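Report on the structure
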Amino acid sequence: PSLPLLFVDTDDQSSIDIITCDQRAADELHSVARLDAPSGVSLRACCDGLLLLRTWNKGVPSLSICNPVTRQYAPLHRLDDFRLLGMYPHSPTGQYRLLLYLAPRFEDDAQRGSYVFTLGSGQQPRHIAGPDAKELLYFRGSTLFRGSLHWHTDGLIMVFDTTAESFRQMHSPIVSDHRSGDLFETSDMLGMFSLNAQATIVDIWVMQDYEGEVWAFKRRVALPIAEIMVQFQNSGDCWELMPASCHGDVLLLAKFDDDWLLQIGIDGKLVASLHRSFLRPTRLRLKQSLVSHNLFLALEGYVINSSPFI
């Protein structure tokens with residue numbers, strides 16, 4: 001199954017533990033892999049069991065790709081000047097591709113704009129035509145749905161068709177009193193959640209008609225703040241929130257302090273609490289795969305079952 005992806009920093013921040021959260025298992029938090037990370041690492045994108053990482057070397061960020069199950073890993077040396085917008089499978093070819101953005105180095109830089117990079121192709125990123133996608137860098141990562149990448153921006157949804165390699169806009173629910181929100185997939189529909197400014201109420205919508213861009217309000221969830229403050233002795237301030245589909249319904253995973261991840265039902269009731277020091281949620285979902293992708297073989301620096309895996 002596709003499961004919410006989390007990670008844990010070690011006490012000395014020299015490594016990270018990549019973890020999935022499975023609400024159906026007795027031990028809901030399951031370690032998938034541990035990576036050596038002396039200079040820091042973040043999980044940036046996930047697709048069909050492939051995980052894209054950002055690491056730092058002397059303060060300079062770089063991208064790398066791995067399969068945490070087969071323990072394949074390779075740095076992506078050619079992308080040091082690019083910023084990641086999304087990762088996706090290209091259906092017509094079966095390739096895995098990255099959507100990238102190259103920031104201008106000077107005014108009227110002709111090379112600025114969006115690029116597509118095919119993993120394992122041995123080719124340089126390819127510039128594509130379209131509107132300037134720089135604004136997408138300032139929003140949370142993309143959601144892959146129906147073969148397109150989606151971003152929830154200010155008042156609308158930006159869409160990248162991965163086959164046509166073109167951008168378009170879609171309508172978004174009109175939200176007031178909005179602190180944060182994002183898109184997610186639920187029951188084969190595109191969903192959206194919004195956390196209010198006081199971080200006490202979550203509104204959830206689903207797009208019932210994708211082609212017609214028809215949104216329907218699904219539920220308003222009042223977070224059990226008073227119960228959380230008493231039971232876990234914290235301020236009740238929600239640090240992170242992400243939805244997770246569970247048995248066809250929506251479950252909210254909420255982070256209120258360093259050590260507790262809380263599961264909250266769509267009825268606003270506290271379902272479960274998971275304790276792990278320095279536990280960090282992401283907006284990604286990992287579907288573990290035993291497929292050994294050939295794309296790794298064409299990447300310089302490719303290793304298997306070796307560092308940075310521990």
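Reading guide: rules and limits
Residues numbered from 1 in each chain as written. Predicted model: local features only at pLDDT ≥ 70, side-chain atom pairs only at ≥ 80, totals over all residues. Heavy atoms only, no water. Salt bridge = Lys/Arg side-chain N within 4 Å of Asp/Glu carboxyl O. Helix = DSSP H or I, 4+ residues; strand = E, 2+ residues; numbered from the N terminus. Core = buried A, V, L, I, M, F, W, Y, C linked by side-chain atoms within 4.5 Å. Buried < 20%, exposed > 50% of the residue type's maximum accessible area, 1.4 Å probe, protein only. Contact = heavy atoms within 4.5 Å. Pairing = 2+ DSSP bridges. Axes fitted to C-alpha atoms, helices over the stretch in contact; angles between N-to-C directions. Phe/Tyr/Trp six-rings, centres within 6.5 Å; stacked < 30°, edge-to-face > 60°. Disulfide = S-S within 2.5 Å.

Take the pattern of salt bridges next. For the coordinates displayed, the defined rule picks out seven salt bridges. The partner of Asp132 in a salt bridge is Arg112, with the nearest N and O atoms 2.9 Å apart. Residue Asp132 is located in the loop between strand E11 (126–127) and strand E12 (143–145), and its partner Arg112 is located in the loop between strand E9 (95–102) and strand E10 (113–118); the two are separated by 20 residues in the primary sequence. Between Asp182 and Arg283 there is a salt bridge; the shortest N-O distance is 2.6 Å. Linking Asp182 in strand E16 (residues 178–186) with Arg283 in strand E24 (residues 279–287), this pair joins segments that are 101 residues apart in sequence. One network of salt bridges, in which partners are shared, links Arg97, Arg126 and Glu165.

Let's shift gears to the nonpolar core. Core analysis: the biggest nonpolar cluster contains 22 residues, and Ile65, Leu76, Met87, Leu98 and Leu119 have the highest contact counts within it. Only strand E4 (41–47), strand E5 (50–57), strand E6 (60–67), strand E7 (72–76), strand E8 (83–90), E9 and E10 provide two or more residues apiece to this core. Residue contributions to this core peak at four residues, all from E9. If sequence neighbours within four positions are ignored, Leu76 has contacts with Leu52, Leu63, Ser64, Ile65, Leu98, Leu119 and Leu299. Core analysis: the second largest hydrophobic core is formed by 20 residues, Val221, Ile225, Cys238 and Leu241 among them.

What follows concerns the environment of Leu297. Positionally, Leu297 belongs in the loop between E24 and strand E25 (303–304). Overall, the relative accessible area of 58% leaves Leu297 in the exposed class.

This next bit is on the pairing of strand E23 (residues 270–275). Consecutive side chains of a regular strand alternate in pointing toward one face of the sheet and then the other. Across five bridges, the pairing between strand E22 (residues 260–264) and E23 is antiparallel. Paired with Gln263 across the two strands is Ala272, which belongs to E23. Connecting E22 to the antiparallel partner E23 that follows it, the hairpin turn spans five residues, and Gly268 within it adopts a positive phi of roughly 85 degrees.

A separate point is the sheet that holds strand E14 (residues 156–161). With respect to topology, four strands assemble into an open sheet ordered E12-E13-E14-E15, the strand pairing being antiparallel. Here the strands that pair on one side only, and so sit at the sheet edges, are E12 and strand E15 (166–171). Mean inter-strand twist for the sheet, computed between neighbouring axes without regard to direction, equals 30 degrees. Alignment of E14 against E15, held across six bridges, turns out to be antiparallel. Each bridged residue has a counterpart across the sheet, and for Val159 the counterpart in E15 is Arg168.

Our focus in this paragraph is the packing of aromatic side chains. A complete count under the given rule lists eight aromatic pairs for this structure. Centre to centre, the rings of Trp151 and Phe167 are 6.4 Å apart; their planes meet at 35 degrees, and the pair counts as tilted. With Trp151 in strand E13 (residues 148–152) and Phe167 in strand E15, the pair connects residues that are 16 residues apart, well separated along the chain. Phe167 shares its class with Trp151; the two are buried. Ring centres 5.8 Å apart and planes at 35 degrees place the aromatic pair Phe296 and Tyr302 in the tilted group. Relative accessible area serves as the criterion here: at 0%, Phe296 is assigned to the buried category.

This brings us to the state of the cysteines. Counted under the stated rule, the structure contains zero disulfides. Cys46 takes part in no disulfide bond, and the closest cysteine sulfur, belonging to Cys47, lies 7.5 Å away. Considering cysteine sulfurs only, Cys46 is the nearest to Cys66, which forms no disulfide, with 8.7 Å between them. Exposure remark for Cys66: the relative accessible area of 0% places this residue in the buried category.

Attention now moves to the sheet that holds strand E17 (residues 189–196). In spatial order, the strands read E16-E17-E18-E19; together these four strands make up an open sheet with antiparallel pairing. Edge positions in the open sheet fall to E16 and strand E19 (214–222), since each of these has one partner strand only. On average, each strand axis in the sheet is inclined to that of its neighbour by 20 degrees, with strand direction left out of account. Here E16 pairs with E17 via eight bridges, running antiparallel. Bridge pairing in E17 places Asp182 opposite Phe193.

Turning our attention to unusual backbone geometry. A negative phi angle is the norm for most residues apart from glycine, just as the trans form is the norm for most peptide bonds. The omega torsion of the bond from Ser307 to Pro308 falls at 15 degrees, within 30 degrees of zero and hence cis. Tracing the backbone shows Pro308 in the segment after E25. Positive phi is not limited to glycine here, since Arg146 has a value of about 50 degrees. Its place among the elements puts Arg146 in the loop between E12 and E13. A positive phi angle, close to 55 degrees, is found at Asn305, a residue other than glycine.

Remember, this is a structural readout, not a statement about activity or role.
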